[in-house]
Amino acid sequence: QVQLEESGGGLVQTGGSLRLSCAASKRPFDTPGMGWFRQAPGKEREFVAHIYLSSGSTNYADSVKGRFTISRDNAKNTLYLQMNSLTAEDTAVYYCATRRYGSTAYATTDSYAYWGQGTQVTVSS
């Protein structure tokens, strides 16, 4: 079992930047990738970004493409999300997660096995 802990959230003004980190208790074996999701009050948890752990290939939601960058440091078992040009619509709790072995879809919550507790990102307008 892998434990995940997010950090780096906070309050930022519109147009600002934040970098989120997700520290894993150990290297997630048998998982093709890791992802970031977010959940705003009263809304469903939604996909933000995904990275394949072996190749480093990435995928993004259309709403964050060009503004957010997902990366990983396999030696440190850490996942990152660099968020630039933030807007009020980015306000949410952000979660990192590891994909289930054998899963084929990276943008659905059902494809993920382990989740962190989340970190709050608030963008003031």
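The following refers to the structure shown. (Residues numbered from 1 in each chain as written. Predicted model: local features only at pLDDT ≥ 70, side-chain atom pairs only at ≥ 80, totals over all residues. Heavy atoms only, no water.)

Side note on the overall build of the chain
Heads up, the rule is: The secondary structure listing takes helices from DSSP runs of H or I that are at least 4 residues long and strands from runs of E that are at least 2 residues long, numbered from the N terminus. A radius of gyration in this sense is built from C-alpha atoms; the matching globule rule multiplies 2.2 Å by the number of residues raised to 0.38. Between buried and exposed lies partly exposed: a residue is buried under 20% and exposed over 50% of the maximum accessible area for its type, with that area taken using a 1.4 Å probe on protein chains only.
Scanning the chain from terminus to terminus reveals 0 helices and 11 strands. Counted from the first residue to the last, the chain has its helices and strands arranged as β-β-β-β-β-β-β-β-β-β-β. Radius of gyration (C-alpha) of the chain: 13 Å, near the 14 Å computed for a compact globule of 125 residues. Along the longest, intermediate and shortest principal axes, the C-alpha atoms of the chain span 40 × 25 × 25 Å. Residues classed as buried in the chain amount to 42% of the 125 residues present.

Structural notes on the pairing of strand 9 (residues 92-99)
Just so we agree on the cut-off: We call two strands paired when DSSP finds no fewer than two bridges between them.
Counting buried positions along strand 9 yields 7 of 8 residues, so the element is predominantly enclosed. Pairing of strand 9 with strand 10 (residues 112-115), which is carried by 3 bridges, proceeds in the antiparallel orientation. If you follow Thr98 over to strand 10, its bridge partner there is Tyr114.

Observations regarding the sheet that holds strand 1 (residues 4-7)
For clarity, the threshold we go by: For helices, the axis comes from a line fit to the C-alpha atoms of the stretch in contact; other axes are also lines fit to C-alpha atoms, and the angle between any two N-to-C directions lies between 0 and 180 degrees.
If you trace the 4 strands from one edge of the open sheet to the other, you get 1-3-8-7, paired in antiparallel fashion. Sheet topology places strand 1 and strand 7 (68-73) at the edges, where each strand pairs with a single neighbour. Strand-to-strand twist across the sheet, computed as the mean angle between neighbouring axes with direction ignored, equals 15°.

Thoughts on unusual backbone geometry
Positive phi values are uncommon outside glycine, yet Asn77 reaches one of about 55°. Note on placement: Asn77 falls in the loop between strand 7 and strand 8 (78-83). Despite not being glycine, Ser85 shows a phi value in the positive range, around 50°. Relative to the helices and strands, Ser85 is located in the loop between strand 8 and strand 9. What makes Ser85 partly exposed here is its relative accessible area of 41%.

Some thoughts on the state of the cysteines
One covalent bond between the sulfur atoms of two cysteine residues makes up a disulfide. Selection rule: We call a pair of cysteine sulfur atoms a disulfide when they lie within 2.5 Å.
Inspection of the entire model under this criterion finds 1 disulfide. Put simply, Cys22 and Cys96 are joined by a disulfide, and their sulfur atoms are 2.0 Å apart. On the S-S bond that ties Cys22 to Cys96, the torsion sits near 65°, and the link is right-handed. Placement of Cys22 in strand 3 (residues 18-24) and of Cys96 in strand 9 is noted, with a sequence separation of 74 residues between them. Taken individually, Cys22 and Cys96 each receive the classification buried, so the pair is uniform in this respect.

Nothing here speaks to function; it is geometry throughout.
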